Structures are given as C-alpha cells and as structure tokens.
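What follows is each chain in one-letter form.
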Amino acid sequence: MTATAPGTGGAAGDDSTTKHSEPVLSEPVLPEPVLSEQRGLAAWLPRRLAEEAPAITVVGDFMLDGWWSGTIDRMCREAPAPVVDIARRDFAPGGAANTAMNLAALGARVSVAGIVGTDDAGTELRRQLDAAGVDTALLAEHPDMVTTTKIRISSGGQVLLRFDDSAATVPAEALAAFEAAVPAAVGQQNAVVICDYGTGVLAEPVRNRLIETLARRGEDTLVVVDAHDPRPWAALAPDLVTPNAQEAARMLDLRLGNGPERAAVVTQHSSELLQATGARAVVVTLDRDGTVLIPSAGNPHRTWARPATEKQASGAGDTFVAALTLARAASLPLTASLDLAQAAADVVVHLPGTSVCGTDELGRYLESFADTALAADELERHIRAHRSDGQRVVLTNGCFDVLHRGHTRYLNQAKQLGDILVVALNSDDSVRKLKGPDRPINSVADRAAVIAALSCVDYVTVFDTATPIPLIEQLRPEIYAKGGDYTPEMLAETEAVEAYGGTVTILDYVAERSTTAMVQRIRNGQGAPVPEA
C-alpha cells in the first residue's frame with residue numbers, strides 16, 4: 001500500500017463468537033465502557049486500547065528506509081538526467097520494523113525477531129527501534145548480512161528515484177541461529193505478526209520452525225501474516241492474513257486492474273482466498289479503495305480510504321497491520337478493529353516519508369469526526385477540488401435518525417457509485433415536519449457525528465428546505481442516489497439533477513429495516529424481533 005490508505009460502514013461480519021474459535025472471530029472482552037461506544041470509534045478508544053498494552057512480537061524482514069531530498073538546478077553532462085543536490089537525509093525503520101514502530105506508538109509492548117547486518121544501516125535501525133521502546137534482544141546481527149535499505153531521492157515533493165540495497169543471500173549461520181531463537185521469540189505473546197517480504201530471512205527452516213511452534217499456540221495468541229505470498233504460511237492457520245490487491249491477484253491468477261471493481265472481484269473469490277491462505281479471515285487492502293474483510297463465515301466488510309495527494313507517503317500498509325493487530329490483541333471485535341486500522345492508515349497517508357500513527361494522532365483524527373457537518377458553500381469548494389482531480393461526486397440525503405443496518409448497507413452502495421460520497425441530513429426542524437413532533441430522536445449534531453464516522457462517507461452537510469433541490473443545484477453531483485421503493489419519476493429531485501446532466505440512481509430498498517419500527521419497539525420496551533423459524 002502506498003500513498004493512499006487501506007472507518008466504519010457496511011454490513012458487519014458477526015463479531016459474537018469466541019476469539020480464535022472457528023468459524024468467526026471474537027466477542028470483545030474489554031470492560032463495559034469500551035463496549036458501549038466501540039462501533040462509533042470514539043476518540044478515547046485508542047487510549048483505552050493502549051492501556052491494554054498487549055505483548056506483540058514482530059518477526060520477519062527488517063529494513064531501513066531513506067528519504068533524501070534536494071534541489072535540481074542542472075542536468076548531467078554525461079546523460080540526460082537531473083542532478084539532485086542533496087540537502088537533507090532522513091532515515092526511518094521500514095518493512096517489519098515500521099510495523100513494530102507503529103505498534104509501539106499505539107501502546108503495545110513490542111519485541112522483534114529478525115536478522116540485520118553489522119553495517120551502518122543495521123546500527124541506525126536498531127538505534128531507532130530502541131529509542132521507540134522496542135525490545136531488540138532477538139534482532140540478530142551478522143557481519144556477512146547486508147541490512148536491506150531503500151533510499152528514495154526526491155525534489156520539490158516528487159520522488160524521482162529509489163535504489164535498494166539488500167543481501168543476495170542470508171548467511172546460513174545467521175538463519176540457523178534465528179531458527180533456534182524462534183520459540184523464545186513467539187512464546188507467551190498476545191499476538192505475533194509475521195512480515196514476510198521475500199528477502200530470505202523467513203526461508204524454509206525458519207518458516208517451518210515458526211509454523212511448528214505457533215501451531216501449538218493457545219486460544220489467546222493472535223497470529224497475523226503480512227506476506228507478499230501468504231500461501232507458504234497456510235499450514236499455520238493464521239487468524240488474519242493481509243494481502244494487498246496485487247498479492248491477492250497473484251494468488252487468484254487474475255488481473256485485478258486498478259478500479260473500484262476490485263473489491264467486488266476479490267469478494268467473489270472469497271472461498272479461494274480463504275483456502276489458499278488457510279486463514280480464518282482475509283483482509284485485502286486496496287490502497288485508495290480501502291479494504292475488504294473476508295471472514296470464514298459471516299458477511300464481508302468494507303472500509304473506505306480517505307485518499308491523500310501526498311507523493312512522498314509510504315508504509316500505510318504497515319500502519320494498517322499494526323493497528324489491526326493491536327485492536328484484535330486487545331479483543332476489539334474484528335470489524336471494529338478493521339475500521340480502526342483504516343483510520344490509522346488514513347492518518348499516515350497525509351504525512352511525508354515513512355511515518356507512524358500514534359495513540360494521540362489517532363485519537364485526534366477520530367475526534368475530528370465529532371462535529372463535521374460542512375456548510376454548503378464550504379462543501380462546494382471541496383467538491384470543486386475533487387472534480388479537478390477527475391473524481392465523481394455522489395449525493396444522497398435523509399434523516400438517518402437512528403442508524404441501523406439498512407442505512408449502512410445503503411450508504412455503502414451509494415459510495416460505490418462514484419469517488420466522493422456526500423450525505424445531506426435533514427435539519428431537526430425538517431425532520432419534525434416529515435416525521436412528527438416526537439422526532440428526531442437524535443439531534444442533527446449527533447446524527448452528523450455518527451454518519452461522519454462511517455468510512456464510506458466523505459462529507460456531511462445539513463439542509464433545512466422541504467427538498468434537497470437547492471443543495472443539488474448548488475453542488476451539481478454527478479450522481480444523486482436515493483434508497484427506497486421509488487422510481488426516478490417519483491422524485492421531485494429528478495428534474496433538477498437531469499437539468500445539468502446528472503444521473504439519478506435508486507438503491508436497494510431494505511423493507512425489513514425501519515427506523516420508525518425500531519423507535520416504536522424501544523418505546524414499547526420490546527427487544528429485537530425473533531427471527532422466524
């Protein structure tokens with residue numbers, strides 16, 4: 001995953017079963033205050049998870065990322081290439097080391113196991129890990145090992161070149177010592193993250209020992225595999241694997257392309273991905289299109305990225321894996337963990353270089369959704385910027401008073417019609433006129449905060465007119481989406497949309513989901529309806 005990240009939103013998989021039992025992942029065991037609002041991803045949640053301080057080991061390929069920047073004033077005499085006068089050299093842990101740094105920043109007690117050289121890159125990598133509080137006792141050094149280094153050269157905010165330096169082979173002596181250290185590295189941990197990027201450090205002897213050791217793990221040890229090819233780890237039966245789109249495509253022997261249809265394609269091949277990886281759940285990261293969760297049972301779950309234009313961001317995938325692992329190790333439900341991981345990845349794609357997302361940064365990001373309804377004029381300015389980037393805007397509207405599964409299903413469908421989803425909420429006065437004097441149940445500020453927390457939603461605004469037609473005429477969305485048992489001809493908005501060349505799309509009507517019926521059950525003191533046999 002690069003400069004766009006892999007939120008709540010969508011029909012969630014069932015989170016109600018035991019943590020590592022088949023076929024679905026788990027019921028939370030966090031204290032009641034966390035359970036009461038975990039779906040809303042409240043701003044205090046990252047701090048509460050950090051207080052759990054789970055013990056997590058990261059095993060695999062440790063690298064050092066370099067970010068060198070300078071100015072270009074001339075061309076080479078000997079070749080048609082620019083000369084970059086380097087003004088700044090920055091280094092940051094990369095690969096498995098970046099995953100470890102993010103875990104530490106989010107509050108985990110982190111240890112690492114791998115092999116680096118005794119070269120300058122290895123020394124700098126260990127120094128930064130130690131400074132972050134990561135236990136490096138099992139990060140072995142060998143004089144014949146070259147620490148993998150990836151140097152990016154940039155000027156004016158644009159990466160011009162990357163050159164990689166890595167070992168052609170990993171010394172057999174170092175592999176043997178690493179293999180012997182595996183049991184100590186992964187014993188008695190809340191979670192183990194395996195980062196296998198194919199450098200040879202996790203070659204067959206070490207991999208076999210890891211599989212043998214972790215196959216005997218207890219129910220309380222989470223195993224996450226983040227590998228370029230997860231298939232060699234299938235015998236481990238990992239709890240989670242996290243391939244990106246290209247890696248999933250290779251496993252499926254398909255060409256996925258780069259469009260938003262990738263999510264539907266990987267979902268159609270759910271059983272093949274689960275079988276190939278041996279995992280209890282597969283999370284496919286789709287960069288700017290977010291992620292797809294494929295559990296071994298239950299419904300798929302989508303998250304939606306909030307893309308950034310940052311040309312020098314890297315490592316969002318490592319951040320995603322770290323936040324996902326921390327949340328699951330602290331027993332947050334799987335879909336909520338995915339949403340939290342998406343939010344963490346969204347943070348780092350707005351930062352230059354190889355960056356980390358810490359507890360405070362994630363809390364501030366989540367807090368930013370607490371009151372995010374934009375005025376129409378401000379929203380119009382944002383939309384103009386998105387259009388200049390070639391993005392299509394989808395607008396939908398409604399009361400969204402008491403959010404339920406029908407709403408999230410509908411909003412996820414709306415998001416898939418374009419690139420940017422705007423939700424226009426009826427004001428409180430407007431809701432009273434539509435629904436009666438005892439509605440809304442929730443104020444517009446509360447409704448806006450909940451809707452904004454859904455990762456499929458990009459912007460929220462409020463309108464106070466009888467219909468959203470004035471807002472439609474101002475924003476001119478490419479697509480106007482409406483849910484329910486309508487036809488375009490039945491909507492007053494259709495004429496306004498079609499007048500400027502827009503399209504009206506009617507989404508699925510979820511007849512069995514009704515806010516009115518839900519409110520009535522609450523007032524009558526009734527529980528959830530009992531499913532028919």
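Quick caveat, the model's predicted, so the values are computed rather than measured.

Draft legend 1. Highlighting unusual backbone geometry. Cis geometry marks the peptide bond from R439 to P440, where omega comes out at 5 degrees. Mapped onto the fold, P440 is located in the loop between α15 (428–435) and α16 (444–452). Here the phi dihedral of S331 falls at roughly 70 degrees; this positive angle occurs in a residue that is not glycine. With respect to the helices and strands, S331 occurs in the loop between α10 (316–329) and α11 (334–348). The buried category is assigned to S331, whose relative accessible area is 9%. Positive phi values are uncommon outside glycine, yet F400 reaches one of about 50 degrees. Here F400 lies in the loop between β17 (393–398) and α14 (405–415).

Draft legend 2. Spotlight on the pattern of salt bridges. In the structure shown here, the tally under the stated rule is 23 salt bridges. Across the pair E52 and R48 runs a salt bridge whose closest N-O atoms are separated by 2.9 Å. Remark: R48 and E52 occur in helix α2 (residues 45–52); sequence separation between them is four residues, near one turn of the helix. When its relative accessible area of 17% is taken as the criterion, R48 is described as buried. Its salt-bridge partner being R217, residue D239 comes within 3.8 Å of it at the nearest N-O pair. Pair noted here: D239 is in the loop between β9 (222–227) and β10 (240–241) and R217 is in the loop between α6 (204–214) and β9, with a separation of 22 residues, a long-range link. Neither residue differs from the other here; D239 and R217 are each classed as buried.

Draft legend 3. Structural detail: the pairing of strand β8 (residues 191–196). Buried residues dominate β8, accounting for six of its six residues. By the alternation rule, side chains of β8 split into A191, V193 and C195 and V192, I194 and D196, which are all buried. One ladder, built from five bridges, connects strand β1 (residues 55–60) with β8; its direction is parallel. Of the residues in β8, the one forming a bridge with G60 is C195.

Draft legend 4. Looking closely at the sheet that holds strand β3 (residues 82–95). Taken in spatial order, the four strands line up as β3-β2-β6-β7 in an open sheet, and their pairing is mixed. Unpaired on one side and paired on the other, β3 and β7 (158–165) mark the two borders of the sheet. The average undirected angle you get between the axes of adjacent strands in this sheet is 20 degrees. Bridge analysis of strand β2 (residues 62–75) against strand β6 (residues 148–155) gives eight bridges, and the strand direction is parallel. Paired with L64 across the strands is T149, a residue of β6. The strands that helix α4 (residues 120–131) touches are β2, β3 and β6; relative to β2, the one it contacts most, it runs at about 110 degrees.

About the cut-offs
- Residues numbered from 1 in each chain as written.
- Predicted model: local features only at pLDDT ≥ 70, side-chain atom pairs only at ≥ 80, totals over all residues.
- Heavy atoms only, no water.
- Helix = DSSP H or I, 4+ residues; strand = E, 2+ residues; numbered from the N terminus.
- Buried < 20%, exposed > 50% of the residue type's maximum accessible area, 1.4 Å probe, protein only.
- Salt bridge = Lys/Arg side-chain N within 4 Å of Asp/Glu carboxyl O.
- Pairing = 2+ DSSP bridges.
- Axes fitted to C-alpha atoms, helices over the stretch in contact; angles between N-to-C directions.
- Contact = heavy atoms within 4.5 Å.

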